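What the coordinates show
Spelled out, the chains give:
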Amino acid sequence: MKKIFFIVLPLLVILGCREIFESPVKSPSTGYLVVEGAINSGEGSTIIILSRTTSLDDKKMLYEKGAIISIEGEDKSSRVLKENPNGQYIGQNLGLNSNQKYQLKIITSRGKKYLSDFVAVNINQPIDSLSLKRENGGVQIYVNTQNSKNSTNYYQWETEQTWEYHAEMTSALKYEITGTPNRPIYKAVYRFPKTPGTIDSSLFMCWESVSNTNLLIANTEKLTKDLIYHPLAYIPPNSNHLNVLYSINVRQITWSKEGYEFLDRIQKNTEKTGSIFDAQPSELNGNIHNVDDPTEPVIGFANISPIQEKRIYLNRKMFDDWYFPIFYCKRDTLVNTSAYIIANEGVDLIPIQNGDCFGCGPLDVKVFFAAEQLCVDCTLKGGTNKRPTFWPK
Amino acid sequence: MKKRLLYFLYILSCFIFNPIIGQNNSQYTVSVELKQAKINELVSKIEKQTDLYFYYDSPQFDSLSFTISATNQPLKIVLDQALTPLNFFYTIDNQHNVFITKGRAINLELPSNLFLPSINEKENSIQITNKIEFDDEEIDAKTKIGLENKLFEIGQKTVKISPGNATLAGYVKNSKTGEAVIGASVFIENPRIGKATDQYGYYSIAIPKGPHVLNILSIDMKDTKRKIMLYGDGKLNIDMQETVTALKEVVISTQKRSNIKSTQMGLQKIDIKTIKQVPVVFGEADLLKAVTTLPGVKTVGEASTGLNVRGGAADQNLILFNEGTIYNPSHFFGLFSAFNPETVKEVELYKSSIPAKYGGRLSSVININSREGNKKNITGSAGVGLLTSRLNLEGPIVKDKSSFIIGGRTTYANWLLNLLPDQYKNSKASFYDLNLNLTHEINKNNNVFFSGYLSNDQFNLNNDTLYSYGNKNISLKWKHIFNNKLTKTTSIGNDYYGYNISSSKLPPSAYRLGFDINQSYFKTHFNYYLNDKHTLDFGLNSVLYNLHPGNYKPLGNESLVKPDRIEAEKALETGIYFTDHYEISNALSIDGGIRYVIYNYLGPKAVNKYANNLPKTEGNLLSTQSYENGKVIQTFNAPEYRLSMRYAFNETFSVKGGYNTQQQYIHSLSNTTAMAPTDIWKLSDPNIKPQQGNQISLGLYKNLQSNAIETSFEVYYKNIKNYLDYKSGAELILNHHIETEVIATKGKAYGVELLIKKIAGKMTGWVSYTWSRVLLKMDDPTNGEMINKGAWYPSNYDKPHDITVIGNYRFSHRFSTSLNATYSTGRPITLPIGIFYYLGSYRTLYADRNGYRIPDYFRADFAMNIEGNHKIYQKTHNSWTIGVYNISGRKNPYSVYYIAEKGRINGYKLSIFGSAIPYVNFNIRF
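Some points on the overall build of chain B
The secondary structure content of chain B amounts to 8 helices and 57 strands. Per-residue burial for chain B yields a buried fraction of 44% across its 926 residues. If you take every contact in chain B between residues at least 6 apart in sequence, the share linking residues at least 24 apart comes to 65%.

Put into structure tokens, the structure is as follows:
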């Protein structure tokens, strides 16, 4: 047999592709009631948010205002939630009895009455720990919870990650703008003339906060122990999250089996679509119904459990090889005359420091340094300069 | 003809430039001592003693023998003594060539009209060249002409032929490879009686005793005939030669595999040659993709080899590969089918009148026959493509008696995944398949066939979960001929399909999940040729199913996974059947069949019992009853009717009608659109009724241009009962009460199919158009939640319009081009009807199952097939296929979906192949 020679032609083709799809059909305006939120049987607040479904192309939230929400017990007890703006209905320290069953009762401003099935209070053990694991250069945060009673639990978590980060440069100077709006006159002056060296920390220190947008759920149905080890959040490498201080707060809620299936179906319908073998989308049925018209779709699932929370703090010193990128910032030297500032495009910069000046008075600025706004104003990178109340000093 | 003329000139030149010796052979003396010897022995004896070289037509001598005793005799005396009594003559030229001819000697002098362009001359020239062994083809021609002129005497020779019929039977084989020729027509002209060979190339025909000319015709084979004198029952095996495809328009005889004549409706056959011409993605010749180009066959998309035949679901097709059932016929996420084209002979698709010997699936039977190995020589082929490489070897074990064929394929396709959409990125995939077929002829009446098949796929789809699945099939088949009228085929075998899913990313929940189907079967089929009016088929099929619907195990030491095993399922399905093919007249014939199936669901098993007239939910679970091993838990039995009839108005136009009923006892449960490797198969049990279907169909068949063009028009209406659709959010894997996740729906399917097929000439191919609907309905509230408020809704694969054009144009023997174009309506999908905000993100709201459609599908492909030269004597034959898939680069949507990303809803259209894809494939035969 001869040797087989063959040539594989170099093929440069992009095979598959994914394009944005605009639905050709106008979806109907459904306006079904949406009941979000879990009832907290223990310490802390219970927040129920009422809204309405909207059509596919309508991106505006439609809150349901003026409704009366109460939690009714089998023991004829009743706890009414207080309405807040944005469709929020809040109750504090409800103190529900774990041996009782309760139902959610909603009467809308139009007088429609909705009732949930009676549901029991789920057991919820405190979170053991939040552990860390280096994965793909970043840090993966896992939750560890163990239920000593070994009953199957259905978990949901809500995470809030917060991190402090700083601007690359500090600013003690600012422009004082005089003249008319058409012919402004710029002059760099100290921000705090009484203590000239003081920087503006509202530009320098920022906090950014994100909550999970994907559902975080897991169950121990298929395990021999009710022991959970589940990834919750990931800090990507080269991010600024760990530069100063990072914190994650995890709220753990336990669901009934049916409630968990409701969440699981939401997740399948909205987060696990698009791969070739994924399940087809399906209708969503909760445990809340219109008393007068049981066929009316209502989205939501009344669920009661105590809420367990845990917060940890991290910073980059805890990780030997944590690499964080240095944002390159150029410092311009400008003469403090309006004409010079305008001519040298200093208007878009933020003055940061006074230049050397022999024989100047303490507040005189003759020559100063300035830098790009992105290097000086940390709020431009997405965070806020308001210190969170829980943030350590 | 050109070639022959050249040979003729060559011979002439010999005669012209060399003085003719004529019959001057006095210089030779030979000694020959032979008893009942064949001609070749005589010739070799003489050739050894002289410098002579003999030419003769061996078939003319195959019934003749020589007894000679000569010592140092002149050659002339020896030859005269041997040949003259048998009416043979000889001529010797000055090249020391001896030509032995029958009836008269060759005249070696120049004919007087040699240089005149005379038609008569041709005959003469052929006569001469036929004696000269220039190349194989000429030898073949010589043999053939010899056999065609020879008179075969069959049966006990009698002086006077008694009146009445006798049966003639035998095998039709390919003379070059010894393989059976399937579907060849064997017929006599007067009276017109004919039969087609079965899948072993066997035929049996009852004809009046006396002299006949038996015609044998088959596609891709040279027409041949045998002169017979039929004294009584007897056997005649026939060898046929492959044709080198004629390029000019050829007239096809009316008997050639006539779609007009058979009562069979909705049967489509595609041979491997045609399959290889259909351009496919990456040039992987693909059986099932070729089947999807036929009318009435649809698929949900490019990443799916699941077929939907006449509104049937993918699990309603019985896919038989050498008798074994293939549960997952796909490789590589469904992009390719799992059959190695090199070992396959042809595919038959039955979509309406399904013969009674097949059963157990509602919508179709796809019967794939693999090739028998070459019984004469060791040959093989190898192919290199962009995705796979193939190697096949075949040859005799005992020459002319037994043969083997072994073929394998493997892939190196990981690079491809990076080119596919994000959904496949970071994925890994590999597959292989292996085929082994052995055939052995024990004696004239007994043949055995062994077939083994193994396929395996492994992939991880964009995550750390590893999937693997595979088929394993073995079968042993014995064909026994009792006599010319009765034959029996018995086969036993075992089919296995299984998959495994494992994930080890999170050590506490690392798991391995296994699923498998194991079935053993016994089939015996009798074919009884009662007389020229009735042919009976009857037999018994029995399948013992053994399913392991889920075995969930911890993986690794740290795993806390609770082992969980869904109890195994066992069932026995036995079918007995009887069919009569009744030829009422030349114009009218009827096939009537009945198949009676008894299905036993067997223990050991714990069966859930639910409250009557309430939906099957966990809440309505009353009790669980345990049954011991072998105990019959539930029996279903039902007759199935298979009726079809044909009325031929004339040789080129016929009408056919058919009605059949089917039962299906094993179901695939899936809530994905494509046939996923993780689909669960479930046996019918007290909670899941068998699926039932019936179909009525009518067709018109008209052939044009001497049967070169076949046209057909078929309509059908089908009812389906107890088709299983899933409930919203069904969890099918590892579910101990899976009956609570599915609902029985009613279905109806109807459609019109049009096919125009050109089977001969330079241009071949077909145009098929289908208009069809398939609708499902779930309106029984006692059965569970109603879908779409109990209204009819389209199934996932309801694609009303579908048009396909397949064309092949041969420019020469070595170069042909193929073009393939297909258009279809987009398949139904469920689109969100609204959005809402819930737990940190906007979410989509779904209703109206399958209420919308994805955009329409259109694709055109082009391929060029380049063959190496056609010299017979060379070590290897090469061929190239170069093509472009999706030549217009259209981004055909595979799916449309909405996903929540970073709290927002985005809609996407996903195309598997979003551009034109060139490919090249190299094949080598040796």
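Side note on the overall build of chain A
Per the secondary structure count, chain A includes 4 helices and 27 strands. Relative to the globule expectation of 21 Å for 393 residues, the C-alpha radius of gyration of chain A, 29 Å, shows a markedly less compact shape. The buried share among the 393 residues of chain A stands at 33%. Across chain A, the fraction of contacts at a sequence separation of at least 24, relative to all contacts at a separation of at least 6, is 68%.

Focus: unusual backbone geometry
In this model, Gly603(B) is joined to Pro604(B) through a cis peptide bond whose omega is 5°. At Glu345(A), a position not held by glycine, the phi torsion is positive, near 55°. Among the secondary structure elements, Glu345(A) is positioned in the loop between helix H3 (338-343) and strand E26 (349-354). A positive phi is found at Asp400(B), a non-glycine position, where the angle reads about 65°. Summarising the element assignment, Asp400(B) is placed in the loop between strand E25 (388-398) and strand E26 (402-411). Residue Asp400(B) is classed as exposed on the basis of its 11 C-beta neighbours within 10 Å.

So, the interface of chain A and chain B
In this complex, chain A contributes 61 residues to the contact, which on the side of chain B involves 71 residues. For the side of chain A that touches chain B, the elements supplying multiple residues, two or more each, are strand E1 (17-20), strand E2 (33-36), strand E19 (227-235) and helix H2 (257-270) of chain A. Among the elements that line the side of chain A that touches chain B, the one with the most residues is H2(A), at 6 residues. Looking at the side of chain A that touches chain B residue by residue, the class counts come to 28 nonpolar, 20 polar and 13 charged. In the sheet, E1(A) pairs with strand E56 (residues 904-911) of chain B via 4 bridges, with the strands oriented antiparallel. Looking at the pairing, Ile20(A) lines up with Tyr908(B) of E56(B).

As for the sheet that holds E56(B)
Across the sheet, 3 strands lie side by side as E1(A)-E56(B)-E55(B); this open sheet has antiparallel pairing. Sheet topology places E1 of chain A together with strand E55 (895-901) of chain B at the edges, where each strand pairs with a single neighbour. When strand polarity is set aside, the average angle formed by the axes of neighbouring strands in this sheet is 35°. Where E55(B) lies against E56(B), 7 bridges are found, and the strand directions are antiparallel. Pairing of Val896(B) across the sheet is with Lys909(B), part of E56(B).

A short note on helix H3 (residues 75-83) of chain B
All names here are of chain B. All buried positions along H3 are accounted for by Leu-75, Val-78, Leu-79, Ala-82 and Leu-83. The arc that holds the buried residues of H3, viewed along the axis, is 105°, so those residues lie on one side. Those residues of H3 that are buried lie in contact with strand E1 (29-37), helix H2 (39-49), strand E3 (66-74), strand E4 (88-92) and strand E5 (97-102).

Focus: the sheet that holds E5(B)
All names here are of chain B. Across the sheet, 3 strands lie side by side as E2-E5-E4; this open sheet has mixed pairing. Strand pairing shows two members of the sheet lacking a second neighbour, strand E2 (53-55) and E4, which therefore form its edges. Geometrically, the sheet is characterised by an average inter-axis angle of 25° between neighbouring strands, direction not taken into account.

A few points about the environment of Ser45(A)
Residues and elements named next belong to chain A. Turning to its location among the elements, Ser-45 is positioned in strand E4 (residues 45-52). The exposure class of Ser-45 is partly exposed, given the 13 C-beta atoms found within 10 Å. Sequence-wise, Ser-45 and Ile-90 are 45 residues apart; in three dimensions their C-alpha atoms are separated by 6.7 Å. When near neighbours in sequence (up to four residues on either side) are disregarded, Ser-45 contacts Asn-40, Ile-90, Gly-91 and Gln-92.

Parameters at a glance
- Residues numbered from 1 in each chain as written.
- Chains lettered and ligands numbered in written order.
- Predicted model: local features only at pLDDT ≥ 70, side-chain atom pairs only at ≥ 80, totals over all residues.
- Helix = DSSP H or I, 4+ residues; strand = E, 2+ residues; numbered from the N terminus.
- Buried ≥ 20, exposed ≤ 12 C-beta atoms within 10 Å, placed from the backbone.
- Contact = placed C-beta atoms within 7 Å.
- Rg over C-alpha atoms; globule rule 2.2 N^0.38 Å.
- Nonpolar A, V, L, I, M, F, W, Y, C, P; charged D, E, K, R; others polar.
- Pairing = 2+ DSSP bridges.
- Axes fitted to C-alpha atoms, helices over the stretch in contact; angles between N-to-C directions.
- Arc of directions from axis to C-beta.

Everything listed is a geometric property; what it means functionally is a separate question.
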